[in-house]
Amino acid sequence: MDTLQENGMLENLPVRDDGTLDLTELARRALESILNQVMDAQADELCGEGNRRNGYRERTLLTVVGEITLRIPKLREGSYFPDDIVRPYSRVDRAMVACVREVYVRGLSTRKIERAAEALEFARLSPSRVSRMTADLDEEVASMRAERFDGARFPYLWLDATYLKCRDEGHVQSKAVVTAIACGEDGSRRFVGFGCVDAESASSWKAFLRGLRRRGVSGVRCVTSDAHEGLVQAVSEVFPGAAWQRCIVHLERDAAGWFSRRDDRACALAALKAVFAEREPSLVRAAYRRACEELGAMSARAGELLEDAEADALAYLDFPFEHHVRLRTNNVQERANEEIKRRTKVVSVFPSVEAMERLVGSVLIDVNEEWMDMNFIDAASLRGVERSTAEPEPPSPEVVERARLIVVGAIEERRRAA
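Residues numbered from 1 in each chain as written. Predicted model: local features only at pLDDT ≥ 70, side-chain atom pairs only at ≥ 80, totals over all residues. Heavy atoms only, no water.

Structurally, tyrosine 56 can be placed in strand β1 (residues 53–63). Of the residues examined, tyrosine 56 reaches a relative accessible area of 32% and is grouped as partly exposed. Residues tyrosine 56 and arginine 71 lie 15 residues apart in sequence; the distance between their C-alpha atoms is 5.7 Å. Beyond its immediate chain neighbours, meaning those up to four positions away, tyrosine 56 contacts Asp40, Arg71, Ile72, Pro73 and Lys74. (Helix = DSSP H or I, 4+ residues; strand = E, 2+ residues; numbered from the N terminus. Buried < 20%, exposed > 50% of the residue type's maximum accessible area, 1.4 Å probe, protein only. Contact = heavy atoms within 4.5 Å.)

Following this line, the structure appears as structure tokens:
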């Protein structure tokens, strides 16, 4: 039986420098040949009596296997264009666009995409070309920002801001990217909005939150965030009646910041962590007050801070017990900000606000899809959830003593460890 070599079938196959067959180039040639044959056949079908072919017009198309040359037949009468193969005026295959968009959203910079395409022996992908290919993301991001939630209720809302650098008005500026994560009555979480503002002022937060209200974000019973300037005022005005929960993690750090000695800071953190590790509401309240006394004796400023923050730090206790762990911190936002930073760190400075919004919005869309099938809070416990209006009962002597032992014990244990 004749071999392939004897038949000369391997003579024109693409071979790499190391002697191996270049399968990518082989696929590119095959794709180019097949598409041109398909177009020839389609053009022949259109050529009825009296009409004839009239040469070709060449057009390059970038695909996932490299750049191919399409020889589009021309007709003497009428016109022919392979709409089922390529879009008019497009120079890039849809699969290639999807591939570039995916790696872009995953955190690969335009210049790294250019180098990767060159290493893979694709046609040259300049940063400007990559930007044009990812521009379609603008429509998806705009759709996300305009999405309406009429008829839905979101009992819980988490707000935060992270800072990214971008070029605006000819200068590199630090922009606050504010985001809102909501938990719906179905128990799922999702980003319901984001925006870029110049500063975390009350007016900026009001405009952002009013935008959420206009799009149907309603039924909010508790908003969790850090103590951003102007945020509390904005929440009270836009979501009247909603509780504001101050993130206890940031409160612990703020209180510890008033101690000059490292050992004292460690003791303060140990005491507050012991307080919030308890789950019984009456014990948490009693332990918190004891911590205010103990830490206030060590630093008057820290004691004042904790006393002023008591109502906001313990707001989560007025909601169902099974929701406490989720409500008392802004961890869900912190993790989201880490993902935004991870995906955007390849871009040290965004060329424009629009470019920054495109990538950040695409990241949030990606995260929303990952969260879609996850149950954040049990849906049954969210039905008709309301903040308790009952006045907390004074703690019993037994609870007060337990609270003292918890706080003092945590401080002493930390000092012994030092």
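Before going further, it helps to spend a moment on the side chain of glutamine 333. As for its placement among the helices and strands, glutamine 333 is situated in helix α13 (residues 331–344). Of the polar contacts made by the side chain of glutamine 333, one reaches the side chain of threonine 179; its length is 2.9 Å. Ignoring anything within four residues of it in the chain, the contact list for glutamine 333 reads Trp158, Leu159, Asp160, Thr179, Ala180 and Ile181. (Polar contact = N/O pair within 3.5 Å; in protein donor to acceptor, adjacent residues only side chain to side chain.)

On strand β6 (residues 222–225), burial covers both faces: Cys222 and Thr224 on one face and Val223 and Ser225 on the other are all buried. Note that strand β3 (residues 156–168) and β6 share three bridges and pair parallel. Directly across from tryptophan 158, in β6, lies its bridge partner threonine 224. Summarising the sheet, β6 and strand β7 (residues 243–246) pair through four bridges and their orientation is parallel. Across the sheet, the residue bridging to serine 225 is arginine 246, located in β7. (Pairing = 2+ DSSP bridges.)

Another point: the packing of aromatic side chains. All told, the structure shown has seven aromatic pairs when counted by the stated rule. Taking the centre distance of 5.5 Å and the plane angle of 85 degrees together, the rings of phenylalanine 149 and phenylalanine 154 count as edge-to-face. You'll find phenylalanine 149 and phenylalanine 154 in the same group, each marked buried. For the ring pair tyrosine 156 and tryptophan 158, a centre distance of 6.4 Å and an interplane angle of 70 degrees mean the geometry is edge-to-face. (Phe/Tyr/Trp six-rings, centres within 6.5 Å; stacked < 30°, edge-to-face > 60°.)

So, on to the pattern of salt bridges. Should their charged atoms come close, side chains of opposite charge can pair. Counting across every chain of the model gives 19 salt bridges. In this structure, the salt-bridge partner of arginine 145 is glutamate 357, at a minimum N-O distance of 3.3 Å. Of this pair, arginine 145 sits in helix α5 (residues 137–146) while glutamate 357 sits in helix α14 (residues 353–371); the two residues are 212 residues apart in sequence, bridging distant segments of the chain. The shortest N-O distance in the salt bridge between glutamate 147 and arginine 190 comes to 2.8 Å. With a gap of 43 residues between them, glutamate 147 in the loop between α5 and β3 and arginine 190 in strand β5 (residues 189–197) connect regions that are remote in the sequence. For glutamate 147, a relative accessible area of 28% corresponds to the partly exposed category. The class of arginine 190 is partly exposed, set by a relative accessible area of 26%. Three or more residues joined by partner-sharing salt bridges are found here, namely Arg261, Asp263 and Asp264. (Salt bridge = Lys/Arg side-chain N within 4 Å of Asp/Glu carboxyl O.)

Listed in full, the buried residues belonging to helix α8 (residues 248–256) are Ile248, His250, Leu251, Glu252, Ala255 and Ala256. Looking at the buried side of α8, the elements it contacts are β7, α9 (262–277), α10 (281–298), α11 (300–313) and α13.

Bridge count for β3 against strand β4 (residues 171–183) is 13 bridges, and the pairing is antiparallel. Its bridge partner lying in β4, lysine 165 is registered against serine 174. Counted along the chain from β3 to the antiparallel partner β4, the turn is two residues long, and its residue glutamate 169 has a positive phi close to 55 degrees. As paired elements, β4 and β5 share eight bridges and run antiparallel to each other. Looking across to β5, one finds that threonine 179 is bridged to phenylalanine 194. As consecutive antiparallel partners, β4 and β5 are separated by five residues, and within that stretch glycine 187 has a phi angle of approximately 90 degrees, a positive value.

One can describe the packing of α10 onto helix α15 (residues 397–417) by two numbers: an axis separation of 8 Å at closest approach and a directional angle of 45 degrees. Classified by the angle their axes make, α10 and α15 are oblique. α15 is crossed by α10, and the crossing has right-handed handedness. Counted together, Ser282, Leu283, Ala286, Ala287, Arg290, Ala291, Glu294, Leu295 and Met298 of α10 and Val399, Arg402, Ala403, Arg404, Ile406, Val407, Val408, Ile411 and Arg415 of α15 form the full contact between these two elements. Residue composition of the contact of α10 with α15, by class: twelve nonpolar, one polar and five charged. (Axes fitted to C-alpha atoms, helices over the stretch in contact; angles between N-to-C directions. Parallel < 35°, antiparallel > 145°, perpendicular 65-115°, else oblique. Left-handed = near helix turned anticlockwise from the far one by under 90°. Nonpolar A, V, L, I, M, F, W, Y, C, P; charged D, E, K, R; others polar.)

Judged by pairing direction, the sheet is mixed, and its five strands sit side by side in the order β5-β4-β3-β6-β7 without closing on themselves. Every other strand in the sheet has two partners, leaving β5 and β7 as the edge strands with one partner each. Within this sheet the neighbouring strands show an average axis-to-axis angle of 25 degrees, counted without direction.

Here we take up a nonpolar patch on the surface. There is a patch of nonpolar side chains on the surface, built from Val15, Leu21 and Leu23 and spanning about 260 Å² of accessible area. Mapping leucine 21 onto the fold places it in the segment before α1 (23–46). Here leucine 21 falls in the partly exposed class, since its relative accessible area comes to 33%. (Patch = residues over 30% accessible without salt bridge, like charges linked within 9 Å, V, L, I, M, F, W, Y side chains within 5 Å. Areas by Shrake-Rupley, 256 points an atom, 1.4 Å probe, with all protein chains shown as cover.)

Across its 19 residues, α14 extends 27 Å between first and last C-alpha, which sits within 8% of the 27 Å expected from 1.5 Å per residue. Along α14, 16 of the 19 residues are buried, which leaves the element largely enclosed by surrounding structure. (Expected span 1.5 Å × (residues − 1).)

A few words now on the confidence of the model for the protein. For the protein, mean pLDDT is 82; residues scoring 70 or higher make up 81% of the total. Overall, residues 89–99 carries pLDDT values under 50, and its contacts beyond four positions in sequence, including any with other chains, amount to 27 contacts. Confidence drops under pLDDT 50 across residues 119–123; counting only partners more than four residues distant or on other chains, this segment forms nine contacts. (pLDDT = per-residue confidence, 0-100.)

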